[in-house]
Amino acid sequence: MDYYETLGVSRNASQEEIKKAFRKKAHQCHPDKPGGDEKKFKEINEAYQVLFNPQKKAQYDQYGKTFEQGQAGGFHGGFQDFSDFGDAFRSGGQSGMEFNFEDLGDVFGDFFGGSRKQQRTTQKTHGDDIESRVSIKFEEAIFGVKKQIEVNKFIVCSHCHGNAAEPGTKIITCSNCHGTGQVQRIQSTILGQFRTMNICSECHGEGKKVEKKCIQCNGHGRIKKVEKSEIEIPAGIDQGQTLKLSHQGDAGVQGGRAGDLYLTIHILSDSKFKRKGNDILSKVAIPFSLVVFGGKIEVETLEGKVRLKIPAGTLSGKIFRLADKGVPYLQRQGRGDQLVEVVINVPQKLTKEQKKILEQLKEQGI
């Protein structure tokens, strides 16, 4: 077995690269994981013990694997020589070796729960993110709007202000962990016995307990409630876009920050206008006479009526552009345009006089 090949590193790899490679392969082969390989795991440990120690690495590079025969006690077959870690290991008597993972958390923490600092900080988790939806009118999406919304979420309990204790009662030291927030657990593995520190189940890592739980939130520090708030929807927002409102989600646990609120926009349809990107589409019906002679008509926009010149001979379906009458851009200055489609209005009923005039036009080939 070549130790460098076992870890998948080059002969000039740094200690950090060796450690990184060891952690990766140990994760893959750990016997407690699905598809783990105990034999391979031991080989990886053996290679790491040599290559991570500068003195042993130098001897290995010079003499190869035979150098271990000159070592008292050796290390072949797994963890036997732990001199690299000094007093990080303590005697476990007949049951084997005992680890203090507070010292070795960077190497083995992911397997056995991590260091005290990591465990304590994970208890102050921030609240969950929330998804909600709000409906707005077409013109509100174009020009922006302030909107009142209601969200059902966890908020900090106003009775205990989040500390979970009934006001006027004491917060006492946890008797289970004696205020440390952790309890010791002995775990037996293929490598021997390991002493690990785990979050106290009584106080959940806080080291303290309330003498009497808050009657409002039952000791949770937060309650579920429909909360009203006013939000500002920017001009130019489009259908299906989502606004992120930081810290407006569920309140955190044990003082953790609140989650975020993700608000999806639904725009109600409009009978007169449609949207395509940053342009607004509309239609206008004009009489046949205006098509023949040309002239001006009034066209509706979201900001009122404007005059539009129709040239003589305009065909049905012709599109005219009203500059800067469209949707504002979200990321830059300016607006799109309004595209007005002209549709010739064909009358459904004609008077006798109108029919007579059209008959004369027909005779003229018009």
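Structural notes, computed from the coordinates. Since the structure is predicted, the reported quantities are computational estimates derived from the model, not experimental observations.

Description of the sheet that holds strand β11 (residues 261–267)
Move 1: If you walk across this open sheet you meet the three strands as β3-β11-β10, and the pairing is mixed. At either margin of the open sheet sits one strand with a lone partner, and together these are β3 (130–136) and β10 (242–245). Averaged over all pairs of adjacent strands, the angle between strand axes in this sheet comes to 25 degrees, irrespective of strand direction.
Move 2: Across seven bridges, β3 lies against β11 in parallel orientation. Paired with Arg-133 across the strands is Thr-264, a residue of β11.

Looking at the packing of helix α3 (residues 38–51) against helix α4 (residues 54–63)
Move 1: Orientation of α3 relative to α4, taken along the N-to-C sense of each, is 100 degrees, at an axis distance of 6 Å. The orientation of α3 relative to α4 falls into the category roughly perpendicular. When α3 is examined against α4, the residues Gln-49, Val-50 and Leu-51 are found in contact with a partner set consisting of Lys-56, Lys-57 and Tyr-60.
Move 2: The residue inventory of the contact of α3 with α4, partitioned by class, reads three nonpolar, one polar and two charged.

What about the nonpolar core?
Move 1: If you look at the biggest cluster of nonpolar residues, it comprises 21 residues, and the most contacted ones within it are Ile-136, Ile-149, Ile-233, Ile-237, Leu-263 and Ile-265.
Move 2: Elements with a contribution of two residues or more to this core: β3, α7 (138–143), β4 (145–156), β9 (222–233), β10 and β11.
Move 3: Per-element accounting of this core gives the leading share, four residues, to β11.
Move 4: In this structure Ile-149 touches Val-134, Glu-227, Lys-228, Ser-229, Ile-231, Leu-261 and Leu-263, once residues within four positions along its chain are discounted.
Move 5: The next biggest cluster of nonpolar side chains, apart from the first, holds 18 residues, and it includes Tyr-3, Leu-7, Ile-44 and Leu-51.

Cut-offs and rules
Residues numbered from 1 in each chain as written. Predicted model: local features only at pLDDT ≥ 70, side-chain atom pairs only at ≥ 80, totals over all residues. Heavy atoms only, no water. Pairing = 2+ DSSP bridges. Helix = DSSP H or I, 4+ residues; strand = E, 2+ residues; numbered from the N terminus. Axes fitted to C-alpha atoms, helices over the stretch in contact; angles between N-to-C directions. Parallel < 35°, antiparallel > 145°, perpendicular 65-115°, else oblique. Contact = heavy atoms within 4.5 Å. Nonpolar A, V, L, I, M, F, W, Y, C, P; charged D, E, K, R; others polar. Core = buried A, V, L, I, M, F, W, Y, C linked by side-chain atoms within 4.5 Å. Buried < 20%, exposed > 50% of the residue type's maximum accessible area, 1.4 Å probe, protein only.

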